[in-house]
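The chain contents come next:
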Amino acid sequence: MHDIVDTAVAAGSFGTLVAAVTAAGLVETLKGNGPFTVFAPSDDAFAKLPAGTVDELVKPENKAKLTKILTLHVLPGKVMAADVAGQKMSPKSVEGEALEIDGIDGVMVSGATVTSADIECSNGVIHVIDTVIMPKG
């Protein structure tokens, strides 16, 4: 079983996410022991952002902002879809801001829909989402 980063690379639909994680210097963290729960925006989710947003975020001078966005997509611990089914919760992301998780009808995370859940990795789990979650602050 692969770790979160290798699983994302192998999936082939997270090229933008992998490039962003690399630019932010988070590869080693997400290859660490974890466990982590990653709400992973697909390439299609990144494509919904305004033109030029990703190119701007991966510039070295924007590393702090990019890191803030990416760590907002990560929860400490391993949270499976069954753990949130039928409930609403607001766990704190690694970034520090709470995510609004709604498992009442499918699973929504701060306005993003989970399109594929429970992709198990050696150091956690990936849930694919259809929208990039942006920090409130």
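Report on the accompanying structure. Residue positions within a chain follow its written sequence, with the count starting from 1. A pLDDT threshold of at least 70 governs which residues receive local features in this predicted model, and a stricter bar of 80 or more applies before side-chain atom pairs are shown or counted, although totals over entire chains, interfaces and linings include all residues. Hydrogen atoms and water are omitted, and side-chain values are computed over all heavy atoms in the structure.

Some remarks on the overall build of the protein chain
Inference 1: Helix and strand definitions here come from DSSP, where helices need a minimum of 4 consecutive H or I residues and strands a minimum of 2 consecutive E residues; each element is numbered from the N-terminal end. When helices and strands are counted, the protein chain shows 7 helices and 7 strands.
Inference 2: Sequence-ordered secondary structure for the protein chain, helices as α and strands as β, is α-α-α-β-α-α-α-β-α-β-β-β-β-β.
Inference 3: Here the C-alpha radius of gyration of the protein chain, 14 Å, is about what a compact globule of 137 residues would show, namely 14 Å.
Inference 4: Taking the principal axes of the C-alpha coordinates as reference, the protein chain spans close to 40 × 30 × 25 Å.
Inference 5: Summing over all exposed atoms, the protein chain offers an accessible surface of approximately 6700 Å²; the carbon and sulfur share of this is 56%.
Inference 6: Across the protein chain, 10 positive and 17 negative side-chain charges occur, with their mean positions spaced 6 Å apart. Atoms considered for the radius of gyration are the C-alpha atoms alone. The globule rule reads 2.2 Å times the number of residues to the power 0.38. All accessibility values rest on the Shrake-Rupley procedure with a 1.4 Å probe; residue burial counts only the protein chains present in the view. Counting rule for charge: Lys and Arg are taken as positive, Asp and Glu as negative, and neither His nor the chain ends is counted. The atoms used to mark charge sites are NZ of Lys, CZ of Arg, CG of Asp and CD of Glu.

Some points on helix H2 (residues 15-23)
Inference 1: Only protein chains enter the accessibility calculation, which uses a 1.4 Å probe; a residue whose area is less than 20% of its type maximum is buried, one above 50% is exposed, and one in between is partly exposed. Leu17, Ala20 and Val21 are the residues of H2 that are buried. Down the axis of H2, the buried side of the element spans an arc of 100°, and every buried residue falls inside it.
Inference 2: Those residues of H2 that are buried lie in contact with helix H3 (27-30), strand S1 (36-41), helix H4 (43-47) and helix H6 (63-71).
Inference 3: Positive backbone phi, approximately 75°, marks Gly25, located one or two places after H2. Summarising the geometry, the arc corresponds to the directions from the helix axis toward the C-beta atoms. Should any heavy atoms of two residues lie within 4.5 Å, those residues are counted as being in contact.

A look at the pattern of salt bridges
Inference 1: We count a salt bridge whenever a side-chain nitrogen from Lys or Arg sits within 4 Å of a carboxyl oxygen from Asp or Glu. Per the counting criterion, the structure on display carries 6 salt bridges.
Inference 2: The residue Lys78 makes a salt bridge to Glu120 at a minimum N-O spacing of 2.7 Å. A residue pair is termed long-range when its members are at least 10 positions apart, and Lys78 in the loop between strand S2 (74-76) and helix H7 (81-84) and Glu120 in strand S6 (residues 112-121) qualify at 42 residues.
Inference 3: Accessibility expressed as a relative area gives 37% for Lys78, which makes it partly exposed.
Inference 4: Judged by relative accessible area, which is 42%, Glu120 ranks as partly exposed.
Inference 5: Residues joined in a network through salt bridges with shared partners are Asp3, Asp6 and Lys31.

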